[in-house]
Amino acid sequence: MQITDEMIDKLAHLAKLQFNDMEKSAIKGDLEKMIGFVEKLNELDLDAVEPLMHMSESVNVLRDDVVQGSISREKALQNAPDTDGQYFRVPKVIRK
Amino acid sequence: MSLSPAYELVIGLEVHAQLLTNSKLFCGDSIAYGADANTQVSPVTLAHPGTLPVMNRQAVIGAIRMGLACHAEIEKNNYFARKNYFYPDLPKGYQVSQHTTPICKGGYVHIRTAEGERNIQLNRIHLEEDAGKSIHDIDDDNTCIDYNRAGTALIEIVTEPDLHTADEVAAYLTELRKILRYLDVCDGNMEEGSMRCDVNISARLVGSTKLGTKVEIKNLNSIRNARKAVESEGARLIAMLEKGETIVQQTRGFDVASNTTFSIRDKEDADDYRYFADPDLPPFALEDAFINDIKASLPPLQAERIERYKNEFSLSDYDASVLTEEKEISDFYESLVATPALNKKYKAAANWMLGPVKSWLNENGQGMDSFPLTPDKLSAIISLVESGQLSFSTASTLLWQAMLKNPNAEPLQTAQQLNLLQQSGKSELEPLIDEVLVKFADKVKEYRKGKKGVLSLFVGEVMKRSKGKADPRVTNELLLEKLKEN
Amino acid sequence: MKAEGHVVEPVNFELLDHIVPAYYVLTTAEASSNLSRYDGVKFGYRANIGSDADIHDLYKQTRSEGFGWEVKRRIMLGTFVLSAGYFDAYFTRAQKVRKLLYNQTQLIFNEFDYIFMPTTPAPAYKMGEISADPISMYLADIYTVMANLVGVPAISLPLFRHSTGMAFGVQVLSNRSDELSLLRLSDELLNR
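Since we're looking at a predicted model, the values are computed, not measured. (Residues numbered from 1 in each chain as written. Chains lettered and ligands numbered in written order. Predicted model: local features only at pLDDT ≥ 70, side-chain atom pairs only at ≥ 80, totals over all residues. Heavy atoms only, no water.)

Draft legend 1. Structural detail: the pairing of strand β8 (residues 108-113) of chain B. Residues and elements named next belong to chain B. Burial of β8 is one-sided: the residues Val109, Ile111 and Thr113 facing one way are buried, the residues Tyr108, His110 and Arg112 facing the other way are not. Sheet analysis places β8 next to strand β9 (residues 116-129), joined by six bridges and oriented antiparallel. Each residue of the ladder has a partner; that of histidine 110, found in β9, is asparagine 119. The hairpin turn running from β8 into β9, its antiparallel successor, is two residues long. (Buried < 20%, exposed > 50% of the residue type's maximum accessible area, 1.4 Å probe, protein only. Helix = DSSP H or I, 4+ residues; strand = E, 2+ residues; numbered from the N terminus. Pairing = 2+ DSSP bridges.)

See below:
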């Protein structure tokens, strides 16, 4: 499958990654190889096969509606790259 | 606002309702409103590596309750999907939602408008988790994030593009909120954001079957604003079509100050959310017995209560409808009529609820849960009136004020202390009646000549002299007797 | 083992060549989503961004500086296989292949208690030797990813030495929930 620069840009945008020109041609080459490799799956006739979506055989793993497990704000913010002691902070987001 | 009759609006609504659970959808953090920022968070909510979600049974039950009440089909085989996008208030970088298998499919909500009654068709009700809050106005340079709300269980109730007017939108939202409250599924508090509404709206020529380009208006936080947003955006879209302009697919917001909508962003490149089954959450399968148990536990909704009030309590359609408009008021009324002191005076109880009680709620801008009197106290007040010990006007003014100030007092004692009890004894009333008949001797003559209307003047004068304590019925009877005698 | 009375027979596993492609579609898809939480907001690395940078700059710089190349290309592949227009052709297809692999493995476990296979196709290669080519690296996983794909326990036992002197293991798989007997067998094999 042919990978275009536009596709790389779109995927990078979705994945929130950025590539300079050199990296972009490298990732394009890698992605082409990787996609070519996984296209081996196209050999199989899978029309009658149901996809296996969940690995665990357990169903209905439900818990009771009980309040527990919260941590203190101090602990919650302990690993934050930027905080004012109350909130996690990020650069101003223009309202969605 | 009148719109050009050549065009019609086609409207679909997406309502997010926070479920009245104790804890979040996938972890045990409390969801209580109003807590300090970032104090109701766990490592699961904060998306710390290695944490895994476990689903809250109560949330599933809440969604099914709403589905059953809306006549929807309940999906037996459910799983959660991830909706992938980056936003600071979305801790995992994806929202867990039901993309392919909504837990409730189809169904409808019955509404009444001036145009008549109809069913608004639902597309689906699905479970999902809420995002945190991005706060843009407390810090000049930064957006501040509070994750308390992140992970709260929501249902999203999505209609078909089946509404056509602002009236229908308001009626639908009112009805939906009523059902949510009756079911105890959501408190329906739009100000606190526990019920939020997005409107999808397009316009087309009447008779056309093709949908026009739609515009989405996000985050309407009251029924009033939803109505106004539809009115204003509907007019804008139709004016554009009339001028031959092209409508762009957009996400818009509603500005309360100017009553107009404004563009937030164009939807030119549709978002690619890359939905896929969440591998961290096992699927859940609902059995008939589980669904039937929930069905059996559903409380009667408004329509059923109206019928019961008409049949059991002989109330008018109007009284029954107004009493059941809010579940809390209806519940209070039922407690009230169940008190022995009330002695089945259903209509009197309804009058008190719709009169003094509702006035108090409106004047104080409060809900029924803040009303100071218990059903027992109100029942005691009503029985004082019904037994003729107190006039309605005295009971609903002087005694009412006194009881509201001191809700724990006994109504009878309070009435005695304030010297409000009526004088229905002949011995107390006769001297007053004689006094009045002497003073208004000319009117007595008129009465005898056939001008029976002056009787009410005599009653009024007696009442005045008794300082309102005379029982009007007894006074009336005594007067008639006296006037016959002479 | 035959001498001890065990029945040991070779079995043909037709889908061997499809294991690694299916595995890389499914795991990169999950990884692309799982790793979204590394955005420089709640914990972990945050790039040093300028004062006029916006939230997208924060995300992109943080993630581009924080993730290594292999992680980035896996995120890119995972994003691709989940994206609109490619989801069914890649992701759903791989889920179907996983179903076939699962069925085939269960057929074997209907008759046998354990599956023996190599842990790797070749002894360990030298550091940096072939890492420029992702495919040959991924193919080294051919035997180990099967257990992950079909959801059964597996153990690698360092029983042998290659002629080069490098350790060379054998891998044993058992059915789901048979971990205890798998560990017992391993203990026995290691102590003989």
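Draft legend 2. Inspection of the sheet that holds strand β11 (residues 142-146) of chain B at higher detail. Taken in spatial order, the three strands make up an open sheet running β2(A)-β11(B)-β10(B), and their pairing is antiparallel. If you trace the sheet from one side to the other, it starts and ends with β2 (88-91) of chain A together with β10 (133-135) of chain B, each paired once. Neighbouring strand axes in the sheet, compared pairwise and without regard to direction, differ in orientation by 30 degrees on average. Pairing analysis gives three bridges linking β10(B) to β11(B), with the strands arranged antiparallel. The partner of Ser134(B) across the bridge, within β11(B), is Ile145(B). (Axes fitted to C-alpha atoms, helices over the stretch in contact; angles between N-to-C directions.)

Draft legend 3. Examining the nonpolar core more closely. In this structure, Met66(B), Leu127(B), Ile155(B), Tyr172(B) and Leu173(B) are the most contacted members of the largest nonpolar core, which totals 73 residues. Counting residues per element, this core draws most heavily on helix α2 (residues 166-182) of chain B, which supplies 10 residues. Apart from residues lying up to four places away in sequence, Ile155(B) is in contact with Val15(B), His16(B), Ala17(B), Leu19(B), Ala63(B), Met66(B), Ile125(B), His126(B), Leu127(B), Leu180(B) and Val185(B). Counting 60 residues, the second largest nonpolar core, distinct from the first, contains Phe19(A), Tyr24(C), Ile108(C) and Leu173(C). (Core = buried A, V, L, I, M, F, W, Y, C linked by side-chain atoms within 4.5 Å. Contact = heavy atoms within 4.5 Å.)

Draft legend 4. Looking closely at the environment of Leu418(B). All names here are of chain B. Mapped onto the elements of the fold, leucine 418 is located in the loop between α11 (411-417) and α12 (426-439). Using a relative accessible area of 42% as the deciding quantity, one classes leucine 418 as partly exposed. Linking leucine 418 and glutamate 73, residues 345 residues apart in sequence, is a C-alpha distance of 60 Å. Other than its neighbours up to four places away in sequence, leucine 418 contacts Leu398 and Ala402.

Draft legend 5. Up close: the interface of chain A and chain C. Taken together, the contact pairs 48 residues of chain A with 58 residues of chain C. One salt bridge in this structure joins Asp82(A) and Arg46(C), with 4.0 Å as the shortest N-O distance. The interface formed by chain A and chain C contains 18 residue pairs in polar contact (both at pLDDT 80 or more). Breaking the side of chain A that touches chain C down by element, the ones donating at least two residues are α1 (5-15), α2 (21-38) and β2 of chain A. The dominant element in the side of chain A that touches chain C, judged by the number of residues it contributes, is α2(A), at 10 residues. Broken down by class, the residue content of the side of chain A that touches chain C amounts to 30 nonpolar, five polar and 13 charged. (Salt bridge = Lys/Arg side-chain N within 4 Å of Asp/Glu carboxyl O. Polar contact = N/O pair within 3.5 Å; in protein donor to acceptor, adjacent residues only side chain to side chain. Nonpolar A, V, L, I, M, F, W, Y, C, P; charged D, E, K, R; others polar.)

Draft legend 6. Just the layout of surface pockets, in detail. All names here are of chain B. Empty space within the second largest pocket amounts to approximately 890 Å³. Along its surface, the second largest pocket is lined by 24 residues, and Arg177, Arg181, Glu326, Gln366 and Gly367 are the ones closest to its centre. Contributing elements (two or more residues each) for the lining of the second largest pocket: α2, α7 (327-338) and α8 (346-364). Counting residues per element, the lining of the second largest pocket draws most heavily on α2, which supplies four residues. Partitioned by chemical class, the residues of the lining of the second largest pocket number four nonpolar, eight polar and 12 charged. (1 Å grid on protein atoms, 1.4 Å probe; cavity = no way out; pocket = protein on both sides within 12 Å on 5 of 7 lines; lining within 4 Å. Points joined across faces, edges and corners; volume = space filled by probe spheres on them.)

Draft legend 7. The arrangement of the packing of aromatic side chains in detail. Residues and elements named next belong to chain B. Under the criterion given, the structure shown has 25 aromatic pairs over all chains. With a centroid separation of 5.7 Å and 70 degrees between ring planes, the pair formed by tyrosine 85 and tyrosine 273 is classed as edge-to-face. Here the residue tyrosine 85 occupies a position in the loop between β5 (81-84) and β6 (94-97), and tyrosine 273 occupies one in the loop between β16 (260-266) and β17 (276-277), the gap between them amounting to 188 residues. A relative accessible area of 23% places tyrosine 273 in the partly exposed class. Seen from their ring centres, phenylalanine 332 and phenylalanine 371 are 5.7 Å apart, and the 90 degrees between their planes marks the pair as edge-to-face. Pair noted here: phenylalanine 332 is in helix α7 and phenylalanine 371 is in the loop between α8 and α9 (375-386), with a separation of 39 residues, a long-range link. Comparing phenylalanine 332 with phenylalanine 371, the two get one shared label, buried. An aromatic cluster is present here, built from Phe332, Trp352, Trp360, Phe371, Phe392 and Trp400 joined pairwise through their rings. (Phe/Tyr/Trp six-rings, centres within 6.5 Å; stacked < 30°, edge-to-face > 60°.)

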